[in-house]
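# Tertiary structure, described
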Amino acid sequence: MREPLGLGFTKEELDKEKENIHIGAFEDDELLGCCMLAKVDGETLQLRQMAVKNNLQRKGIGGSILSFAENLSRDKGYRKIMMHARDTAVGFYEKFGYIVTGEPFTEINLPHRIMEKNL
Ligand SMILES: CC(C)(COP(=O)(O)OP(=O)(O)OC[C@H]1O[C@@H](n2cnc3c(N)ncnc32)[C@H](O)[C@@H]1OP(=O)(O)O)[C@@H](O)C(=O)NCCC(=O)NCCS
């Protein structure tokens, strides 16, 4: 998600991601979409790096990944999911019941909103 923006990850950032829950949708060996869940506290997970391959968007893959992530989070005892949503993705998360909280802000040079949903 950062490469098209000319950005990358540091080794430290990638090492830290090993602690997160990684979710992927595959067809055979091909990764179609993914997301990551990072622990915020005992009640809340942060959804990160939610993405579906460009040519496969708007076919239900993102929604399936998000629903799976929510079910998994519930099963693990978490009560809330939040994310830093790119402005362009706010409508997607709203479809699944997430609400915008707080003011707009800029992250990786893009406008974002904090969104959250109680599970
Ligand atoms: C945002 C993203 C993950 C959505 O995945 P997707 O597979 O295209 O989404 P789905 O096909 O499951 O869409 C589910 C619903 O959300 C809607 N939707 C999808 N993307 C949307 C968007 N950007 N804005 C508004 N609605 C959107 C769909 O039309 C569909 O609605 P419907 O059920 O009424 O038909 C995907 O478009 C993507 O990877 N975008 C680029 C990376 C990105 O912005 N990631 C989010 C960073 S916070």
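All values derive from a computational prediction rather than experimental measurement.

Looking now at the site of the ligand. The full set close to the ligand counts 21 residues, and Arg58, Gly60, Gly62, Gly63 and Lys95 are the nearest of them. When the ligand sits alone it has 900 Å² of accessible area, and the protein chains cover 74% of it. Secondary structure elements with two or more residues in the shell around the ligand: strand S3 (44–52), helix H2 (61–75), strand S4 (80–86) and helix H3 (90–95). Grouping the amino acids of the shell around the ligand by side-chain chemistry returns 10 nonpolar, seven polar and four charged.

The terminal C-alpha atoms of H2 lie 21 Å apart, and with 15 residues this matches the ideal 21 Å at 1.5 Å per residue to within 8%. When H2 is considered as a whole, its buried residues turn out to be Ile61, Gly62, Gly63, Ile65, Leu66, Ala69, Glu70 and Ser73. Summarising the contacts, the buried residues of H2 are in contact with strand S1 (21–27), strand S2 (30–39), S3, S4, H3 and strand S6 (110–118). After H2 finishes, the residue glycine 77 shows a positive phi value of roughly 95°.

Procedures and definitions
- Residues numbered from 1 in each chain as written.
- Predicted model: local features only at pLDDT ≥ 70, side-chain atom pairs only at ≥ 80, totals over all residues.
- Heavy atoms only, no water.
- Near = heavy atom within 4 Å.
- Areas by Shrake-Rupley, 256 points an atom, 1.4 Å probe, with all protein chains shown as cover.
- Helix = DSSP H or I, 4+ residues; strand = E, 2+ residues; numbered from the N terminus.
- Nonpolar A, V, L, I, M, F, W, Y, C, P; charged D, E, K, R; others polar.
- Expected span 1.5 Å × (residues − 1).
- Buried < 20%, exposed > 50% of the residue type's maximum accessible area, 1.4 Å probe, protein only.
- Contact = heavy atoms within 4.5 Å.

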